[in-house]
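# A look at the structure
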Amino acid sequence: GGANAVVMKFKAIVTNAQAELFIKILQSLERMEKHWDKSNARPTVLKLTPDRLQIIAQATGSDELQAWLSLKTQRNFVEYRIESKKNNEIWLEVRLANLLQAFRSGQNSARTAFRLTSKQGSAFLTFESLLVAPVNNITVTHDVPVTVISSREAESYSEPSLPEPVMQLEMPELRLLRNIVERLKALQADEIKLSGCREAGSDTAKLVVEAETDMASICTHYPRLTLRTDGQTNPNPPAQADAKLKLKKMLQVLLGSTIPVEGVVGCIVESQAFVLYLVVDGGAGTLTYYVPLLIDD
């Protein structure tokens, strides 16, 4: 309390359809985190600003995966109000499983409101939904415990600063890729190699997915994928670019194949990372996965 208490207010309302998108995204991120080594996982962060809702899921340690979600508030909420003394930004630590459960609790309602509340000195995101089926007009309330993060702590969360990719290409449908990678896993493959190979005389490339097992070496080709040069200072990619990664990490990222997207771009950053960039349907926002590469000794 007192006169110097931080003013922090947040309230948002989603329609049923908007909540569905949150459920799909949270589901895939929560499944991904389940695979993480618990000693490495950092708490997931929900960063709220006037024009974006962001979720940051990253494990510590350079060999770990991370995911950055950024959703435009004007596209994903019917109402969205935020106020804080730190340029109207609020950073919260939250468990994805709890957030997912809260959005699910309102699945039978036309709309769900959630706000930042404080009870006995603890902070919560309190969800309220007015259910219409199977019983009319019952309000369901769901409290999600959160921890407000200080500005100093918030600064320790920053997107990886990577050199520009040597190759960026439009990816095949993630569902297809996931099927292939799951098959390779069943064959006990441990590593996977993704290669972008330029096709002669055109601005397209072929994606080659390869894995070696004791039994066999398996190779899948996806031809005629568009090369992208967005934001590249050197728009002339090499004839071939390779990314070698742990199969299980690629699979964790491909759990995102259930998210409705209008496009997916794969970026190979030499010797460092494979970056998968999803543009969420209807221009709602983006989801970026950073997968660390395996380096040959």
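To be clear, the structure that these remarks concern was listed above.
Let me sum up the structure you'll find in this document.

## Here's the deal with the pairing of strand β9 (residues 138-148)
Sheet topology places strand β6 (residues 90-94) next to β9; two bridges connect them, and they run antiparallel. Within the sheet, the bridge partner assigned to glutamate 93 lies in β9 and is threonine 147. In this structure, strand β8 (residues 122-131) lies alongside β9, joined through nine bridges in antiparallel fashion. Pairing of threonine 126 across the sheet is with aspartate 143, part of β9.

## Digging into the sheet that holds strand β12 (residues 204-212)
In sheet architecture, strand pairing relies on hydrogen bonds along the backbone and comes in two forms, parallel and antiparallel. The strand order across the open sheet built from four strands is β13-β12-β11-β14, with neighbouring strands paired in antiparallel fashion. At either margin of the open sheet sits one strand with a lone partner, and together these are β13 (217-226) and β14 (240-246). Shown here is a sheet whose adjacent strand axes are inclined to one another by a mean of 15 degrees, direction ignored. Direction of pairing for strand β11 (residues 191-198) relative to β14: antiparallel, over a ladder of seven bridges. From the neighbouring strand, isoleucine 192 faces β14, where its bridge partner is leucine 245. The sheet contacts of helix α6 (residues 247-254) involve β11 and β14, and relative to β14 the element is tilted by about 95 degrees.

## Some details on the pattern of salt bridges
Pairing is possible between side chains of opposite charge, provided their charged atoms come close. Per the stated rule, a full pass over the model turns up eleven salt bridges. Note that lysine 11 is salt-bridged to glutamate 79, the shortest N-O span being 3.9 Å. Taken together, the residues lysine 11 in strand β1 (residues 8-15) and glutamate 79 in strand β5 (residues 79-84) connect sequence positions 68 residues apart. Glutamate 30 serves as the salt-bridge partner of lysine 34, at 3.6 Å between the closest nitrogen and oxygen. Remark: glutamate 30 and lysine 34 occur in helix α1 (residues 16-34); sequence separation between them is four residues, near one turn of the helix. Residue classification places lysine 34 among the exposed residues on the basis of a relative accessible area of 59%. In the salt-bridge network here, residues are joined through shared partners; they are Lys11, Glu79 and Arg81.

## Description of the packing of α1 against helix α3 (residues 96-105)
Running from N to C, α1 and α3 point in directions that differ by 155 degrees, and their axes come no closer than 9 Å. The angle between α1 and α3 places the two elements in the roughly antiparallel class. Where α1 crosses over α3, the handedness of that crossing is left-handed. Residues Ala19, Phe22, Ile23, Leu26, Gln27, Leu29, Glu30 and Glu33 of α1 lie in contact with α3, whose contacting residues are Leu96, Ala97, Leu99, Leu100, Phe103 and Arg104.

## Digging into α3
Those residues of α3 that sit buried are Leu96, Leu99, Leu100, Ala102 and Phe103. For α3, the angular spread of buried residues about the axis comes to 160 degrees, placing them on one side.

Criteria and cut-off values
Residues numbered from 1 in each chain as written. Predicted model: local features only at pLDDT ≥ 70, side-chain atom pairs only at ≥ 80, totals over all residues. Heavy atoms only, no water. Pairing = 2+ DSSP bridges. Helix = DSSP H or I, 4+ residues; strand = E, 2+ residues; numbered from the N terminus. Axes fitted to C-alpha atoms, helices over the stretch in contact; angles between N-to-C directions. Contact = heavy atoms within 4.5 Å. Salt bridge = Lys/Arg side-chain N within 4 Å of Asp/Glu carboxyl O. Buried < 20%, exposed > 50% of the residue type's maximum accessible area, 1.4 Å probe, protein only. Parallel < 35°, antiparallel > 145°, perpendicular 65-115°, else oblique. Left-handed = near helix turned anticlockwise from the far one by under 90°. Arc of directions from axis to C-beta.

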